[in-house]
Amino acid sequence: MKNCFNRQIQWETDHYGIDAFRKDKIIRISRSKEEEKAYSWLGYKEKDFGEMCNIRKEIDEDITNGIIESDILKIIGIDKSFDHPEAIEYALNKKHKKFMSFSGSSILGYQKEFDFKLKFMYCNHLKYPYLLEIEREEIEYNHIGKHVKDIESFIAKYNLEGLKIKEEPPTLLYNTL
């Protein structure tokens, strides 16, 4: 599996809207640095309805240079354009107060056999500071069952059964606060 990884990033993430978070929705701004290039992302996740793994609608928008039209901002009640990420953070914090932040580093990659994006993450703020996230995007709801079976096969192939956790990193952090 080691050969699958090819990029390293440093990241920090701020979470907004404690009431939304308690309803299993995530509103976040993430900043990452890769090879001296800095990026900012606005993220939104709907409620998780998966059993063995996280299955939810997720939207990420690049806000590195601001944003003119944002689906996420419309969903959370901010219908405006912004010239830079700091202005988005300010508006977001006014409407949905920032309540949690954490940072770390990740090695990113792709596992071709299973068609998974992989993220080997280190974050000393978490109960489990080293995590391997296995991701696959899907637009069609009726294909999700196959993806869950593929994840189970991947876990079995690499003998990870006793190591799996369902909670996402922000939930792990929140549960320790």
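In what follows, the accompanying structure is described. (Residues numbered from 1 in each chain as written. Predicted model: local features only at pLDDT ≥ 70, side-chain atom pairs only at ≥ 80, totals over all residues. Heavy atoms only, no water.)

### A few points about the overall build of the protein
Alright, step 1. Per the secondary structure count, the protein includes five helices and seven strands.
Alright, step 2. Taken over the C-alpha trace, the protein has a radius of gyration of 17 Å; the compact-globule value for 177 residues is 16 Å, and the two agree within 12%.
Alright, step 3. The principal-axis extent of the C-alpha atoms belonging to the protein is close to 45 × 35 × 35 Å.
Alright, step 4. A burial count over the protein gives 42% of its 177 residues as buried.
Alright, step 5. Contacts in the protein between residues far apart in sequence, at least 24 positions, make up 48% of those at least 6 positions apart.
Alright, step 6. For the protein, the separation between the mean place of its 29 positive charges and that of its 32 negative charges on side chains is 3 Å. (Helix = DSSP H or I, 4+ residues; strand = E, 2+ residues; numbered from the N terminus. Rg over C-alpha atoms; globule rule 2.2 N^0.38 Å. Buried < 20%, exposed > 50% of the residue type's maximum accessible area, 1.4 Å probe, protein only. Contact = heavy atoms within 4.5 Å. Lys, Arg positive; Asp, Glu negative; His and termini not counted. Charge placed at Lys NZ, Arg CZ, Asp CG, Glu CD.)

### Examining the sheet that holds strand β3 (residues 37-45)
Alright, step 1. Taken in spatial order, the seven strands of this open sheet run β4-β3-β2-β1-β5-β6-β7, and their pairing is antiparallel. Two strands bound the open sheet, and with one partner strand each, they are β4 (58-62) and β7 (130-135). Between one strand and the next, the sheet's axes are offset by a mean angle of 30 degrees, whatever the strand orientation.
Alright, step 2. Summarising the sheet, strand β1 (residues 5-16) and strand β2 (residues 26-34) pair through seven bridges and their orientation is antiparallel. (Pairing = 2+ DSSP bridges. Axes fitted to C-alpha atoms, helices over the stretch in contact; angles between N-to-C directions.)

### Section: the nonpolar core
When a protein is soluble and globular, its nonpolar side chains tend to lie buried together.
Alright, step 1. Counting 17 residues, the largest nonpolar core has I27, I29, L42, L73, I76, I88 and L92 as the members making the most contacts within it.
Alright, step 2. Listing elements by their share of this core, those giving two or more residues are β2, β3, α2 (71-75) and α3 (85-95).
Alright, step 3. When near neighbours in sequence (up to four residues on either side) are disregarded, L42 contacts R28, I29, I59, D60, E61, I63, S70, I72, L73 and L92. (Core = buried A, V, L, I, M, F, W, Y, C linked by side-chain atoms within 4.5 Å.)

### Re helix α5 (residues 169-176)
Alright, step 1. Three or more residues of α5 are buried, namely P169, P170, L172 and L173. Burial along α5 is one-sided: seen end-on, the buried residues are contained in an arc of 160 degrees.
Alright, step 2. In the core, the buried residues of α5 are packed alongside β1, α1 (18-22), β2, β5 (98-111), β6 (116-122) and β7. (Arc of directions from axis to C-beta.)

### Some thoughts on the environment of R56
Alright, step 1. By the secondary structure assignment, R56 is in the loop between β3 and β4.
Alright, step 2. In sequence terms R56 and K45 are eleven residues apart; their C-alpha atoms lie 6.7 Å from each other.
Alright, step 3. Residues contacting R56, with those up to four places away along its chain left out, are D24, I26, K45, E46, K47, D48, F49 and E168.
Alright, step 4. A distance of 3.2 Å separates a polar side-chain atom of R56 from the backbone oxygen of D24. (Polar contact = N/O pair within 3.5 Å; in protein donor to acceptor, adjacent residues only side chain to side chain.)

### Considering the layout of surface pockets
Alright, step 1. As a volume, the second largest pocket reaches approximately 160 Å³.
Alright, step 2. Along its surface, the second largest pocket is lined by 14 residues, and F21, D24, R56, E168 and T171 are the ones closest to its centre.
Alright, step 3. Sorting the residues of the lining of the second largest pocket by element identifies α1 and α5 as the ones contributing at least two each.
Alright, step 4. The greatest single-element share of the lining of the second largest pocket, amounting to three residues, is contributed by α5. (1 Å grid on protein atoms, 1.4 Å probe; cavity = no way out; pocket = protein on both sides within 12 Å on 5 of 7 lines; lining within 4 Å. Points joined across faces, edges and corners; volume = space filled by probe spheres on them.)

### Comments concerning the packing of aromatic side chains
Alright, step 1. Applying the stated criterion across every chain yields a total of ten aromatic pairs.
Alright, step 2. Among the aromatic side chains, those forming a connected cluster through ring pairs are F114, F116, F154 and Y158. (Phe/Tyr/Trp six-rings, centres within 6.5 Å; stacked < 30°, edge-to-face > 60°.)

### Some remarks on α3
Alright, step 1. Along α3, the residues that are buried comprise P85, I88, E89, A91 and L92.
Alright, step 2. Contact partners of the buried residues in α3: β1, β2, β3 and α2.

### A closer look at a nonpolar patch on the surface
Alright, step 1. Nonpolar side chains collect at one region of the surface, where I107, F120, Y122 and Y130 lie side by side and expose about 370 Å² of accessible area between them.
Alright, step 2. Classification of I107 by relative accessible area gives partly exposed; the value is 33%. (Patch = residues over 30% accessible without salt bridge, like charges linked within 9 Å, V, L, I, M, F, W, Y side chains within 5 Å. Areas by Shrake-Rupley, 256 points an atom, 1.4 Å probe, with all protein chains shown as cover. Salt bridge = Lys/Arg side-chain N within 4 Å of Asp/Glu carboxyl O.)

By themselves these figures say nothing about function.
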